[in-house]
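Chain and residue survey
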Amino acid sequence: MATPNPSRSPRRAPIPIDSRAADHLRYIRETMERAAEFTAVPGWGGVTIGLTALAAALLASRQATPRAWPGVWLLLYGTAIVTGGAFSVRAVPIMGLCLMALGGFALFAPGSLGNIFMAAGFGLVHIAFGFWIALRYGG
């Protein structure tokens, strides 16, 4: 059986541009909306990280040297979150800024408050932003 020659096939009428344009625009719009709400930070994962950090802070509060938890950890972690979340939803870099602010305050606070700053930063900030991301972006 011979293969049909495309140059000899009957010509089809061109499809009017407006008949499919609405479908294409809808597809593009939906794709852009999904791309705008991308986050690599799962909300419920952030809540879990925060709860784990609170438990770790409770255990750390029993150590003999309160200066072992400086605010530098919060500053560096916050910086990583800000830069890593630059292309994510707006909540992620804001979370990083909150962690950096806590780290800055922790540097000038008495060493005995170090565990409270660690619990607030790694625990409460993660929980709060985790809920925000989960409820707003479905993560």
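So, a few notes on the structure that sits alongside this text.

Moving on, we get to the nonpolar core. Ranked by internal contacts, the top residues of the largest apolar core, which has 18 residues, are Leu74, Met95, Leu99, Leu102, Phe117 and Val125. At the level of elements, helix H3 (72-84), helix H4 (91-108) and helix H5 (114-137) are the ones that each hand at least two residues to this core. The element contributing the most residues to this core is H5, with seven residues. If we ignore the near neighbours within four places in the chain, the residues touching Leu99 are Leu74, Leu75, Tyr77, Gly78, Ile81, Gly121, Phe122 and Val125.

Right, let's get into the packing of H3 against H5. Contact pair H3 / H5: the axes reach a minimum separation of 9 Å and the direction vectors enclose 25°. Put simply, H3 runs roughly parallel to H5. As H3 runs across H5, the sense of the crossing is left-handed. When H3 is examined against H5, the residues Trp73, Leu74 and Tyr77 are found in contact with a partner set consisting of Phe117, Met118, Gly121, Phe122 and His126. Of the residues in the contact of H3 with H5, the class split is six nonpolar, two polar and no charged.

A few words now on a nonpolar patch on the surface. A contiguous nonpolar surface patch, about 470 Å² in accessible area, is contributed by Leu25, Tyr27, Ile28 and Met32. Within the secondary structure layout, Ile28 lies in helix H1 (residues 17-36). You can call Ile28 partly exposed: its relative accessible area is 48%.

Glancing now at the environment of Met118. Here Met118 lies in helix H5. A C-alpha to C-alpha distance of 8.1 Å links Met118 and Ala53, two positions 65 residues apart in sequence.

It is worth spelling out the packing of aromatic side chains at this point. Working definition: an aromatic ring pair is given by the centre-to-centre distance plus the angle between the planes. Applying the stated criterion across every chain yields a total of three aromatic pairs. The interplanar angle of 85° and the centroid separation of 5.3 Å between the aromatic rings of Trp44 and Phe131 together place this pair among those described as edge-to-face. Remark: Phe131 occurs in helix H5 and Trp44 occurs in helix H2 (residues 43-60); sequence separation between them is 87 residues. Since its relative accessible area comes to 35%, Phe131 is described here as partly exposed. On the basis of an interplanar angle of 40° and a centroid distance of 5.4 Å, the ring pair of Phe129 and Trp132 is categorised as tilted. Highlighted residues: Phe129 and Trp132, both in helix H5, separated by three residues, approximately one helical turn.

Rules behind the numbers
- Residues numbered from 1 in each chain as written.
- Predicted model: local features only at pLDDT ≥ 70, side-chain atom pairs only at ≥ 80, totals over all residues.
- Heavy atoms only, no water.
- Core = buried A, V, L, I, M, F, W, Y, C linked by side-chain atoms within 4.5 Å.
- Buried < 20%, exposed > 50% of the residue type's maximum accessible area, 1.4 Å probe, protein only.
- Helix = DSSP H or I, 4+ residues; strand = E, 2+ residues; numbered from the N terminus.
- Contact = heavy atoms within 4.5 Å.
- Axes fitted to C-alpha atoms, helices over the stretch in contact; angles between N-to-C directions.
- Parallel < 35°, antiparallel > 145°, perpendicular 65-115°, else oblique.
- Left-handed = near helix turned anticlockwise from the far one by under 90°.
- Nonpolar A, V, L, I, M, F, W, Y, C, P; charged D, E, K, R; others polar.
- Patch = residues over 30% accessible without salt bridge, like charges linked within 9 Å, V, L, I, M, F, W, Y side chains within 5 Å.
- Areas by Shrake-Rupley, 256 points an atom, 1.4 Å probe, with all protein chains shown as cover.
- Salt bridge = Lys/Arg side-chain N within 4 Å of Asp/Glu carboxyl O.
- Phe/Tyr/Trp six-rings, centres within 6.5 Å; stacked < 30°, edge-to-face > 60°.

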